[in-house]
Amino acid sequence: MKISTLRGEVFSDAVIAIIITIMVLDLKPPEIAEDTTAQEMNNHIWRLIPRFIAYIFSFMMIGIFWNNHHHMFHLLEKSDERLLWQNLFFLFWISLIPFGTAMVGANPSLAISIALYGFILLMTTLSFAIMRSYTLKKDLIHSDEDEALTKKVYKVSIRSKTKNYIGAAAYLVSIPLAYVNIYFAYACFIIPPIIFFIPDGIDDEKMAERIEEKNG
C-alpha cells in the first residue's frame, strides 16, 4: 500500500521534539537555602558539568538524526506500511537517548553507563540505516523524467546509507571498548558526527526543493 510521507514526518517531528524536552529535565538547578555557602554552590555546579556535556552531545546527535530523517523523507516519492513500522522502531530507540544521557551524565567514568549509551546510539543509527536501505530496495525514493535528478537522488541516498552503517560500526566498537578504556569508547562516539559533517558535494536541500517543485 502506497502512503503519503507527510504523516510519518509530522509524527516523527513531534516525538523528537518531546524527546529533547524530556532530556533537558535532567539538568536540575541547585536547591538554594539561606545557609547555602558559595562552596556548596560551586560543588553542585561542578557536579552538573558531566551532565551538561552529555546533554550537549546528545542534543547534537538527536539533531543529526532529525536532520537525516528530514532529508530522507524529503527525497521519498511515497511511503508504505512497512516503512512506517520501521520508523516507529527508529523512534523507539531515539526515545531512549535521554535515559542513556542521564546514565553517562551521572556516571561518566563507569563502563556500563558508556556501553549502554553506545548500545542505544548503535540501535538508533542501525534502525535508521535499515530504513534507508529499505527505501532503496523498494524504490520509494523519488524518480523523475529528468534522469540526472533521479541519479542524484539515488546517489545521495546511497551515501547517506553508507554513513549510517559506518556510524553504527563505530558505536558497535565502543561497547566492548568501554570495558577496556573509556576514552577510546568516547573517541568512537565522536566518529559518526564527524562523518555527518563531511560534505557530500551535493546540496540535499536544493535537490529536495526541486523535487517538491516537480511534484507540484
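This write-up is about the structure you can find in this document. (Residues numbered from 1 in each chain as written. Predicted model: local features only at pLDDT ≥ 70, side-chain atom pairs only at ≥ 80, totals over all residues. Heavy atoms only, no water.)

### A closer look at the side chain of Lys78
Now for step 1: Looking at where Lys78 falls in the secondary structure, it is placed in the loop between helix H2 (38-74) and strand S2 (79-80).
Now for step 2: A polar contact of 3.2 Å, which involves the side chain of Lys78, links it to the backbone oxygen of Asp139. (Helix = DSSP H or I, 4+ residues; strand = E, 2+ residues; numbered from the N terminus. Polar contact = N/O pair within 3.5 Å; in protein donor to acceptor, adjacent residues only side chain to side chain.)

### Structural notes on the pattern of salt bridges
Now for step 1: With the rule as written, the count across this model stands at 2 salt bridges.
Now for step 2: A salt bridge links Asp26 to Arg51, with the shortest nitrogen-to-oxygen separation between them at 3.0 Å. You can see Asp26 sitting in the loop between helix H1 (6-24) and H2 and its partner Arg51 sitting in helix H2, a full 25 residues away along the chain.
Now for step 3: Residue classification places Arg51 among the partly exposed residues on the basis of a relative accessible area of 25%. (Salt bridge = Lys/Arg side-chain N within 4 Å of Asp/Glu carboxyl O. Buried < 20%, exposed > 50% of the residue type's maximum accessible area, 1.4 Å probe, protein only.)

### Digging into the packing of aromatic side chains
Now for step 1: Scanning the model with the defined rule gives 12 aromatic pairs in all.
Now for step 2: Ring geometry for Phe90 and Phe128: centres 5.4 Å apart, planes at 55°, overall tilted. Placement of the pair is Phe90 in helix H3 (residues 81-94) and Phe128 in helix H5 (residues 111-137), with a sequence separation of 38 residues. The two residues Phe90 and Phe128 agree in class, both being buried.
Now for step 3: Between Tyr117 and Phe189, the ring centres sit 5.5 Å apart and the planes meet at 80°, which makes this aromatic pair edge-to-face. Of this pair, Tyr117 sits in helix H5 while Phe189 sits in helix H7 (residues 182-197), and the two are 72 residues apart along the sequence. Taken individually, Tyr117 and Phe189 each receive the classification buried, so the pair is uniform in this respect.
Now for step 4: Among the aromatic side chains, those forming a connected cluster through ring pairs are Phe57, Tyr117, Tyr171, Tyr186 and Phe189. (Phe/Tyr/Trp six-rings, centres within 6.5 Å; stacked < 30°, edge-to-face > 60°.)

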